[in-house]
Amino acid sequence: MLGDTTRSDGPARRALILVENLSVPFDRRVWQECTTLRDAGWEVHVICPRGEKRDTEPEAVIDGVRIHRYPLRAATGGPAGYLREYGSALWHTIRLARRVGPVDVVHACNPPDLLFLPALWLKRQGARFVFDQHDLVPELYLSRFDRGEDLLYRGVCALERMTYRAADIVLATNESYRDVALRRGGKRPEDVFVVRSAPDIDRFHPVPAEPELKRGKPHLLCYLGVMGPQDGVDYALRALAKLRDELGRTDWHAVFVGAGDAFDAMVELSRRLGLSEQVQFTGRIPDADLVRYLSTADVCLSPDPCNPLNDVSTMNKVLEYMVMGRPIVSFDLREARVSAGDAAVYASADDEAEFAGLIARLLDDPEERARMGKIGRERISGQLSWRHSQQSLLAAYTAAAGDRTPVSVNRPVRSGRRPRR
């Protein structure tokens, strides 16, 4: 038992976690938080969208966590599409929250910075609000849409301010995000807790390499992650073209694992660069296949370009490469260095030729690759382990709940009406 934030002489405290951009338990960070709270004695409910190929049931109880899912169509067609998506998500979230009933803590995970609205409704019923800031949405807007500080940018800044103002406790994924919560959000230091994301060690552990995954080449390069406009897959592909054309290296096969709204564009870019024979796009794959690729990879790629979001964000793929003991090539980003340290080599911001050169250097130095992989594993099992984040998460919940008496599911809400079942 990591700690117990419940009262020994009464009912378990109830937590409701709100998620909009991923299903659960597919959202690994949220699932780790759910199981940590469950093990500490909390009754945990989650409201989230349904997945397309997994997490499709409207209701599920998994390992003691109750999950309530709603149908959601991802935004297409510009701002109007986002309004439809977010409006639908908010309506379903409030509908399902009424079914869950009163809770001690409502825990909202962004993006978007709109879930403070149902959180405020639950606060009026006596809940405390924990804001789990997965992304800096103003920086995400600037990095993804390249529209500058226009009216929509000012709007997302206003929503972030309202979310900070409503939150009793903020969970930040790293120290950079914590600084933003203090400086831009005006939060007190004692109300902001760093809960870093960390890979699930039970999910990620090396298996014997499978040379056939290299498609007849001596080396395998691997990218794992989302493929959106801000994720740098295009930088990686152009770097691979330079590795082949300018450095004369054809002794590699590359696999790109993952999906996203830039997936089709990246497949087309690979074709235009003449990389179709050497670059494989798998889409999302089962965990067992992902582990096979990572266990076989000689070098892993983290090509996130330098922009306002990426420079201060912790990349899950970097942590997952590290737990698998893989050496990493990354652009020189502030939080990439905090996470990977000497488990990665760093190209100057957005310099694709230097990125290609570092790949070539590592391919030629198996001893350096092994050394870097060992450093990564040690960092993940030590200072960056989920164990430290669990302690911080439970401390945040202790601060949120304090000594307040746990709610009863039969207690009427403050308005005097019972929640609908």
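Every value quoted in this text rests on a predicted model; they were computed, and no experiment measured them.

Calculation notes
Residues numbered from 1 in each chain as written. Predicted model: local features only at pLDDT ≥ 70, side-chain atom pairs only at ≥ 80, totals over all residues. Heavy atoms only, no water. Phe/Tyr/Trp six-rings, centres within 6.5 Å; stacked < 30°, edge-to-face > 60°. Helix = DSSP H or I, 4+ residues; strand = E, 2+ residues; numbered from the N terminus. Buried < 20%, exposed > 50% of the residue type's maximum accessible area, 1.4 Å probe, protein only. Core = buried A, V, L, I, M, F, W, Y, C linked by side-chain atoms within 4.5 Å. Contact = heavy atoms within 4.5 Å. Pairing = 2+ DSSP bridges. Axes fitted to C-alpha atoms, helices over the stretch in contact; angles between N-to-C directions.

Observations concerning the packing of aromatic side chains
- Tallied over the full model, the rule gives nine aromatic pairs.
- With a centroid separation of 4.9 Å and an interplanar angle of 85°, the aromatic rings of W42 and Y397 are classed as edge-to-face. Pair noted here: W42 is in the loop between α1 (28-39) and β2 (43-49) and Y397 is in helix α14 (residues 386-401), with a separation of 355 residues, a long-range link.
- Relative to F355, the ring of F331 has its centre 4.9 Å away and its plane inclined at 45°; by these criteria the two rings are tilted. A residue pair is termed long-range when its members are at least 10 positions apart, and F331 in strand β13 (residues 328-331) and F355 in helix α12 (residues 352-363) qualify at 24 residues.

Let's talk about unusual backbone geometry
- The residue after V24, namely P25, is reached through a cis peptide bond having omega 15°.
- Inspection of the secondary structure assignment puts P25 in the loop between β1 (14-18) and α1.
- Phi is positive for D55, which is not a glycine, with a value near 55°.
- Mapping D55 onto the fold places it in the loop between β2 and β3 (59-62).
- By relative accessible area, which is 10% here, D55 ends up buried.

Notes on the nonpolar core
- Formed by 65 residues in total, the largest nonpolar core has its most connected members in L240 and F256.
- When residues of this core are assigned to their parent elements, the largest contribution, eight residues, is made by helix α7 (residues 233-245).
- For F256, the contacting residues outside a window of four places in its chain are Y223, M227, V233, A236, L237, L240, V279, Q280, F281, T282, G283 and L301.
- The next biggest cluster of nonpolar side chains, apart from the first, holds 34 residues, and it includes V103, V106, F129 and Y164.

Topic: the sheet that holds strand β11 (residues 279-283)
- If you walk across this open sheet you meet the six strands as β11-β10-β9-β12-β13-β14, and the pairing is parallel. Looking at strand neighbours, the two that pair on one side only are β11 and β14 (344-347), the edges of this open sheet. Along the sheet, successive strands turn relative to each other by an average axial angle of 25°, direction set aside.
- The sheet strands contacting α7 are β9 (219-224), β10 (252-257), β11, β12 (299-302) and β13, and the helix crosses β10 at an angle near 175°.

Description of the sheet that holds β2
- The sheet built from eight strands is open, its strands ordered β3-β4-β2-β1-β5-β6-β7-β8 with mixed pairing. Each edge of the open sheet carries a strand with a single partner, namely β3 and β8 (192-194). Averaged over all adjacent pairs, the angle separating strand axes in this sheet is 20°, with direction ignored.
- Where β3 and strand β4 (residues 65-70) come together, four bridges link them in antiparallel fashion. Looking at the pairing, E59 lines up with H68 of β4.

Quick notes on the environment of F256
- Tracing the backbone shows F256 in strand β10.
- We classify F256 as buried; its relative accessible area is 0%.
- Along the backbone, F256 and V170 are 86 residues apart, and their C-alpha atoms lie at a distance of 34 Å.

Here we look at the pairing of β9
- Of all six residues in β9, six are buried; the element is thus mostly enclosed.
- Two strands pair when backbone bridges link them, and β9 and β10 are joined in this way by six bridges, in the parallel orientation. Each bridged residue has a counterpart across the sheet, and for L224 the counterpart in β10 is V257.
- Relative to β12, β9 runs parallel, the two being bridged by two bridges. By the bridge assignment for β12, C222 is matched with C300.

Details of the side chain of S392
- Along the polypeptide, S392 turns up in helix α14.
- Exposure remark for S392: the relative accessible area of 15% places this residue in the buried category.
- Setting aside its immediate chain neighbours within four residues, S392 contacts F193, V194 and V195.

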